[in-house]
Amino acid sequence: PRLMAAALVRAGIKGIERAGEAGQGDRTMLDALVPLLEALQSAAQRGEPPVAAAAAAAAAARTGAESTKLMAAKVGRAGWIPDRAKGNVDAGAHAVAVVAAAVARAIS
């Protein structure tokens, strides 16, 4: 199940990268999803239980989302207003962090 979750997140990331022509560092939800994936993979390699993996993934997503405050928007809706977006967390990255936290709470 842990590797399946990581595989699903990885597939989602690839789809977003392809459709949105975006990558990590472009101030999108990918800035929360990529660290979330890395945390899931790391937890799986250590054999951590799902509760711990979900908590680590949620924390990584939150940290990734917060990092978007300092990024210049290059793509997506914030790309239309890059100067006004700076200093605020990207909405998509924030949504990923909120969902990840909800999942972590639900399985704890």
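Residues numbered from 1 in each chain as written. Predicted model: local features only at pLDDT ≥ 70, side-chain atom pairs only at ≥ 80, totals over all residues. Heavy atoms only, no water.

**Remarks on the pattern of salt bridges**
Close approach of charged atoms allows side chains with opposite charge to pair.
Okay, so step 1: Under the criterion given, the structure shown has three salt bridges.
Okay, so step 2: Here Glu 66 makes a salt bridge to Lys 69, at a shortest N to O gap of 3.2 Å.
Okay, so step 3: Relative accessible area serves as the criterion here: at 32%, Lys 69 is assigned to the partly exposed category. (Salt bridge = Lys/Arg side-chain N within 4 Å of Asp/Glu carboxyl O. Buried < 20%, exposed > 50% of the residue type's maximum accessible area, 1.4 Å probe, protein only.)

**Side note on the nonpolar core**
Okay, so step 1: Val 9, Ile 13, Leu 36, Leu 40 and Ala 61 are the most contacted members of the largest nonpolar core, which has 25 residues in total.
Okay, so step 2: For this core, the elements supplying multiple residues, two or more each, are helix H1 (2–20), helix H2 (30–46), helix H3 (50–67) and helix H5 (91–107).
Okay, so step 3: A total of nine residues in this core trace back to one element, the largest contributor, which is H2.
Okay, so step 4: In contact with Val 9, other than residues within four places in its own chain, are Leu 33, Leu 36, Leu 37 and Leu 40. (Core = buried A, V, L, I, M, F, W, Y, C linked by side-chain atoms within 4.5 Å. Helix = DSSP H or I, 4+ residues; strand = E, 2+ residues; numbered from the N terminus. Contact = heavy atoms within 4.5 Å.)

**Remarks on the packing of H2 against H3**
Two packed helices can be described by the angle between their axes and the distance between those axes.
Okay, so step 1: Orientation of H2 relative to H3, taken along the N-to-C sense of each, is 155°, at an axis distance of 7 Å. The angle between the axes of H2 and H3 places the two elements in the roughly antiparallel class. Note on packing geometry: the crossing formed by H2 with H3 is right-handed. Residue-level contacts link Asp 31, Ala 32, Pro 35, Leu 36, Ala 39, Leu 40 and Ala 43 of H2 to Ala 53, Ala 56, Ala 57, Ala 60, Ala 61, Gly 64 and Ala 65 of H3.
Okay, so step 2: For the contact of H2 with H3, the residue count by class is twelve nonpolar, one polar and one charged. (Axes fitted to C-alpha atoms, helices over the stretch in contact; angles between N-to-C directions. Parallel < 35°, antiparallel > 145°, perpendicular 65-115°, else oblique. Left-handed = near helix turned anticlockwise from the far one by under 90°. Nonpolar A, V, L, I, M, F, W, Y, C, P; charged D, E, K, R; others polar.)

**Topic: a nonpolar patch on the surface**
Okay, so step 1: Among the surface-exposed residues, Val 51, Val 99, Val 103 and Ile 107 lie close enough to one another that they form a single nonpolar patch of about 310 Å² accessible area.
Okay, so step 2: Looking at the nonpolar patch element by element, the count peaks at three residues for H5.
Okay, so step 3: If you trace the backbone, Ile 107 turns up in helix H5. (Patch = residues over 30% accessible without salt bridge, like charges linked within 9 Å, V, L, I, M, F, W, Y side chains within 5 Å. Areas by Shrake-Rupley, 256 points an atom, 1.4 Å probe, with all protein chains shown as cover.)

**Considerations on the confidence of the model for the protein**
Okay, so step 1: With 88% of its residues at a pLDDT of 70 or more, the protein shows a mean pLDDT of 89.
Okay, so step 2: The weakest mean pLDDT in the protein belongs to helix H4 (residues 82–85) at 65; the strongest belongs to H3 at 97. (pLDDT = per-residue confidence, 0-100.)

**Focus: the side chain of Asp 31**
Okay, so step 1: Residue placement: Asp 31 occurs in helix H2.
Okay, so step 2: In this structure Asp 31 touches Gln 24, Gly 25, Asp 26, Gly 64, Ala 65, Thr 68 and Met 71, once residues within four positions along its chain are discounted.

**Quick look at H2**
Okay, so step 1: Across its 17 residues, H2 extends 24 Å between first and last C-alpha, which sits within 8% of the 24 Å expected from 1.5 Å per residue.
Okay, so step 2: Counting buried residues in H2 gives twelve out of 17 residues, a clear majority hidden from the surface.
Okay, so step 3: For H2, the complete set of buried residues consists of Leu 30, Asp 31, Ala 32, Leu 33, Val 34, Pro 35, Leu 36, Leu 37, Ala 39, Leu 40, Ala 43 and Ala 44.
Okay, so step 4: Once H2 ends, the next one or two residues include Gly 47, with phi positive near 75°. (Expected span 1.5 Å × (residues − 1).)

**Concerning the packing of H3 against H5**
Okay, so step 1: The contact between H3 and H5 brings their axes to 8 Å, and the two run at 160°. Of the possible angle classes, the one that applies to H3 and H5 is roughly antiparallel. The way H3 lies across H5 gives a crossing that is left-handed. Contact residues: H3 offers Pro 50, Val 51, Ala 54, Ala 55, Ala 58, Ala 61, Arg 62 and Ala 65, while H5 offers Ala 93, His 94, Val 96, Ala 97, Ala 100, Ala 101, Ala 104 and Ile 107.
Okay, so step 2: Among the residues forming the contact of H3 with H5, the class breakdown is 14 nonpolar, one polar and one charged.

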